[in-house]
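Chain by chain, the residues:
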Amino acid sequence: MRFENIKEFNTYTNLRLPKHNLIDIGEYPSDFLLSSPPVYPSFYRISIKYGLENDREKGFMYFSSPNQPIEWKTDTPWKGFFINITEDLISNNQHLEYSFLNYGLHEPLFLKSEEEIVITHHFKAALEEYNKAAFSMDLVLAYCNIIFAHVAQFYKRQFGERKEHYSQLVNDFFSLLDNYYGKDGSAAQPSVNFFADQLNVTPNYLSDVIKFYSGKPALEHIHQHIVKVAKSLLAQKKSTISEIAYQLGFEYPNYFSRLFRKITGVSPSSFSNL
């Protein structure tokens, strides 16, 4: 089931109707729908939930992005707050474009008690403004930005504390990358999306985890690996630069040459003549 707007989703889940077509801020009611098969909202959802069955003493934050499936099932109502915000509103306010908004359900944020207090305070302030008869969109978005900025910092803390949890993902990524090309280099050009699909995580989540532990995002590692394989093929002097570009998955050889020069500082032809 797909929901083309916030109103449709709210009606389905027993939330009150939104006051604005582009954003809705609210508190979960006691009669919120407790279970649902996969549904596809067309907007971002940001939630803080308390009293979940897996740990009733802690607060958790969840994020879903437009047109990605979400499903849930519980026997016990939870408490908490939510923000439903459209893609258009985010794209027109680029300071709100945080990568964790696209983590999906793969990586909930486990809040410490002091973090829960901070996030709850700002949710309540945002809701108080939103509930006014003529609320200020500028103020509402400012509260969203404060919440998002705190969440970004809390994720850094979580990444640092759960090294064992993330190390397997990091190792799996580099193993897939190292073995991506065959002996002759023939394969489609690798992408963050490809590896994220292989590892069953979202591209933003994968890139952020890789960047946290290596200092560089996943795409930069991919580009460096492409150039590493290209250097090996160039050194063999068995193929032209265009042939190597096609073997590495580039549709246009000039794109390959541009990437090679960007990484190495020299063109493929200059490198092969060294």
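Residues numbered from 1 in each chain as written. Predicted model: local features only at pLDDT ≥ 70, side-chain atom pairs only at ≥ 80, totals over all residues. Heavy atoms only, no water.

Caption draft 1: Representation of the sheet that holds strand β1 (residues 2-3). Here three strands make up an open sheet; going across it, the order is β1-β3-β6 and the pairing mixed. The open sheet has two edge strands, β1 and β6 (70-73), and neither has a second partner. Summarising the sheet, strand β3 (residues 35-41) and β6 pair through three bridges and their orientation is antiparallel. Within β6, the position partnered with S35 by the bridge is K73. (Pairing = 2+ DSSP bridges. Helix = DSSP H or I, 4+ residues; strand = E, 2+ residues; numbered from the N terminus.)

Caption draft 2: A look at the confidence of the model for the protein chain. Per-chain confidence: the protein chain averages 92 in pLDDT, with 96% of residues scoring 70 or above. Per-element confidence in the protein chain ranges from a low mean pLDDT of 81 for strand β5 (residues 55-64) to a high of 98 for strand β2 (residues 23-27). (pLDDT = per-residue confidence, 0-100.)

Caption draft 3: Structural context of the packing of aromatic side chains. In this structure the tally under the stated criterion is 35 aromatic pairs. Centroid distance F3 to F9: 5.6 Å. Interplanar angle 85°. Geometry classified as edge-to-face. In this structure F9 comes out as buried when scored by relative accessible area, which is 0%. Ring centres of F159 and Y166 lie 5.1 Å apart, and the angle between their planes is 90°; on these two criteria the pair is classed as edge-to-face. An identical accessibility class is assigned to F159 and Y166; each is buried. (Phe/Tyr/Trp six-rings, centres within 6.5 Å; stacked < 30°, edge-to-face > 60°. Buried < 20%, exposed > 50% of the residue type's maximum accessible area, 1.4 Å probe, protein only.)

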